[in-house]
Amino acid sequence: MLAYTYLEQGRFALCEKPKPQIQDSRDALVRVTLGSICTSDLHIKHGSVPRAVPGITVGHEMVGVVEQVGSDVVSVKPGDRVTVNVETFCGHCFFCRHGYVNNCEDPNGGWALGCRIDGGQAEYVRVPYADQGLNRIPDKVTDEQALFVGDILATGFWAARISEIKPEDTVLIIGAGPTGICTLLCVMLKHPRRIIVCEKSEERIRFVQEHYPEVLVVEPDNCQSFVGEQSEHGGADVVIEVAGSDDSFTLAWKCARPNAIVTVVALYDRPQVLPLPDMYGKNLTFKTGGVDGCDCAEILRLIAEGKIDTTPLITHRFPLREIEEAYHIFENRKDGVIKVAIEGC
Ligand SMILES: [Zn+2]
Ligand SMILES: [Zn+2]
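How each quantity is defined
- Residues numbered from 1 in each chain as written.
- Chains lettered and ligands numbered in written order.
- Predicted model: local features only at pLDDT ≥ 70, side-chain atom pairs only at ≥ 80, totals over all residues.
- UniProt positions renumbered as here; feature names shortened; annotations may be inferred.
- Core = buried A, V, L, I, M, F, W, Y, C linked by C-beta atoms within 7 Å.
- Buried ≥ 20, exposed ≤ 12 C-beta atoms within 10 Å, placed from the backbone.
- Helix = DSSP H or I, 4+ residues; strand = E, 2+ residues; numbered from the N terminus.
- Domains from an automatic or database assignment.
- Contact = placed C-beta atoms within 7 Å.
- Pairing = 2+ DSSP bridges.
- Right-handed = clockwise from strand over helix to strand, strands pointing away.
- Axes fitted to C-alpha atoms, helices over the stretch in contact; angles between N-to-C directions.
- Parallel < 35°, antiparallel > 145°, perpendicular 65-115°, else oblique.
- Left-handed = near helix turned anticlockwise from the far one by under 90°.
- Nonpolar A, V, L, I, M, F, W, Y, C, P; charged D, E, K, R; others polar.
- Arc of directions from axis to C-beta.

- Going by the annotation in an unreviewed UniProt entry, the name recorded for the protein is Alcohol dehydrogenase, with Parabacteroides absconsus given as the source organism.
- Looking at the protein in UniProt, the text filed under Sequence similarities (unreviewed entry) is "Belongs to the zinc-containing alcohol dehydrogenase family."
- On record in UniProt, under Cofactor (unreviewed entry), the comment for the protein is "Zn(2+)".

Here you go:
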């Protein structure tokens, strides 16, 4: 089968590999019908994910059809359409039982798929702990509607959940890339008084204004003063930082009112400084990533009810054999791209 593979730092290539096999009684084999490219794939390509294993098939955002299951798998069966979770988790250890599945104690716990074990930019993918890693897609939900459930939408949902948003709150979301927009959609479900999105790209600003006209949009340079004017208590009640630059991290805590919650979803290339003397007395609560991706069933239900729609994010489509071109467009942000769907993976 065709599998897009991490060869070495800076190099991915489409390779011919054997079809994966069930290795454990809790595994499932999934025929990938639709996949996507995530910014984290680019992080692997450029060497900023040291635990990524050269030779693995990349890709961790996908939906497909169950082809085969191990003897201990109970929640899905061959023929089921499923979303695949970016995270591998056992469901039984201390962290899993508390919903902290990102820290599952299994050696492959957390983000393994398409990083430490073969992922889904391929025709088939083996999913460990299939009862946890797969969710059945409701009949009326399409592959396109479900494509982001296991990764960026799970991230946005988790970010909104842990941010303790109340109806009277002003919520600031920094960054309107794909994960930022997924976060926005999930914050909207909490109906806070005001949502402000901070973004510098003109294209992304236009996308937010066009699709979510009720949301206020501001550029980074004016963000702090704008948020101050739009808030009752001198800053945002909740800040969710999804952009991942040095500037955006600083902006996040500066735009927060005293005693606010600052949720840091972003993955940074470099360490960030918490200047505690400057923020002394502000009494902020920081919450940090990565995602505990255990809300996929609920997210699928919300999609089926028409409450979440991420299909406008899919701006481009390519067949698997043209995945190089898809990466080129995604990586260089060409042609107004937000997300690329890879068909018939
Ligand atoms: Zn991802
Ligand atoms: Zn576990």
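Now that the structure is up, let's keep going.
1. Details of the nonpolar core
Link 1 in the chain: Membership of the largest hydrophobic core comes to 105 residues, with the highest contact counts inside it found for A28, V30, L172, I173, V239 and A252.
Link 2 in the chain: Tallying contributions element by element places helix α5 (residues 152–162) first for this core, with 7 residues.
Link 3 in the chain: There are two domains that each give this core at least three residues, and those are domain 1 (2–151 + 292–343) and domain 2 (154–288).
Link 4 in the chain: Among residues more than four places away in sequence, those in contact with A252 are I174, V239, E241, V262 and V264.

2. Concerning the pairing of strand β14 (residues 256–264)
Link 1 in the chain: The sheet contact formed by strand β13 (residues 236–241) and β14 spans 5 bridges and is parallel. Each bridged residue has a counterpart across the sheet, and for V238 the counterpart in β14 is I261.
Link 2 in the chain: On the question of chirality, the crossover connecting β13 to the parallel β14 by way of helix α9 (residues 246–254) is right-handed.
Link 3 in the chain: Pairing analysis gives 4 bridges linking β14 to strand β15 (residues 285–288), with the strands arranged parallel. Each bridged residue has a counterpart across the sheet, and for I261 the counterpart in β15 is T285.

3. What to know about the packing of α5 against helix α6 (residues 178–188)
Angle between the axes and distance between the axes are the two parameters that describe a pair of packed helices.
Link 1 in the chain: At a minimum axis distance of 8 Å, the contact between α5 and α6 shows a crossing angle of 50 degrees. Here α5 is positioned oblique relative to α6, judged by the angle of their axes. Once α5 is placed against α6, the crossing between them reads as right-handed. In contact with I152, L153, T155, G156, F157, A159 and A160 of α5, α6 contributes P178, T179, C182, T183, L185, C186 and V187.

4. Section: the domain arrangement of the protein
Link 1 in the chain: Split by domain assignment, the protein resolves into domain 1 (2–151 + 292–343) and domain 2 (154–288).
Link 2 in the chain: Its C-alpha centre places domain 1 at a distance of 27 Å from the equivalent point of domain 2.
Link 3 in the chain: Of the residues lining the interface, 20 residues belong to domain 1; the matching set on domain 2 comes to 14 residues.
Link 4 in the chain: Across the side of domain 1 that touches domain 2, the residue classes break down as 9 nonpolar, 6 polar and 5 charged.

5. A short note on the UniProt feature "domain: Alcohol dehydrogenase-like N-terminal" (unreviewed entry) in the protein
Link 1 in the chain: UniProt marks residues 26–130 with the feature "domain: Alcohol dehydrogenase-like N-terminal" (unreviewed entry), using the numbering shown here.
Link 2 in the chain: Spanning residues 26–130, this segment combines 11% helix with 28% strand, and its end C-alpha atoms are found 6 Å apart.

6. Describing the UniProt feature "domain: Alcohol dehydrogenase-like C-terminal" (unreviewed entry) in the protein
Link 1 in the chain: Listed under "domain: Alcohol dehydrogenase-like C-terminal" (unreviewed entry) in the UniProt record, and renumbered for this structure, are residues 190–288.
Link 2 in the chain: Between the end C-alpha atoms of residues 190–288 there is a gap of 20 Å, over a span that is 34% helix and 27% strand.

7. A word on the packing of helix α8 (residues 220–230) against α9
Link 1 in the chain: At a minimum axis distance of 10 Å, the contact between α8 and α9 shows a crossing angle of 10 degrees. Comparing their axes, α9 and α8 come out roughly parallel. Residues P220, C223 and Q224 of α8 touch α9, and the partners they reach there are D247, L251 and K254.
Link 2 in the chain: When its residues are assigned to classes, the contact of α8 with α9 shows 3 nonpolar, 1 polar and 2 charged.

8. Points about the environment of C294
Link 1 in the chain: Locating C294 in the fold gives a position in the loop between β15 and α11 (296–304).
Link 2 in the chain: Along the chain, C294 and V273 lie 21 residues apart, while their C-alpha atoms are 30 Å from each other.
Link 3 in the chain: Dropping the residues within four chain positions of it, C294 is found in contact with G99 and V101.

9. Points about helix α7 (residues 202–211)
An α-helical segment advances 3.6 residues per turn. Residues three or four places apart therefore align on the same side.
Link 1 in the chain: For α7, every residue scored as buried is listed here: R204, F207 and V208. Angularly, the buried residues of α7 cover 95 degrees about the axis, an arc narrow enough to put them on a single face. The exposed residues of α7 that point more than 90 degrees off its buried face are E202 and E210.
Link 2 in the chain: Here the buried face of α7 lies against β11 (194–198) and β12 (216–218).

10. A closer look at the sheet that holds strand β10 (residues 170–174)
Link 1 in the chain: Within the open sheet, the 6 strands sit side by side as β12-β11-β10-β13-β14-β15. Their pairing is parallel. The outermost strands of the open sheet, each flanked by one partner alone, are β12 and β15. Between one strand and the next, the sheet's axes are offset by a mean angle of 20 degrees, whatever the strand orientation.
Link 2 in the chain: When β10 meets β13, the two strands line up parallel, connected through 4 bridges. Each residue of the ladder has a partner; that of L172, found in β13, is V239.
Link 3 in the chain: Across the sheet, α6 is in contact with β10, β11 and β13; its angle to β10 comes to roughly 165 degrees.

11. Regarding the environment of L313
Link 1 in the chain: Among the structural elements, L313 can be located in the loop between α11 and β16 (314–319).
Link 2 in the chain: In sequence terms L313 and C223 are 90 residues apart; their C-alpha atoms lie 24 Å from each other.
Link 3 in the chain: If we ignore the near neighbours within four places in the chain, the residues touching L313 are P178, I181, I338 and K339.

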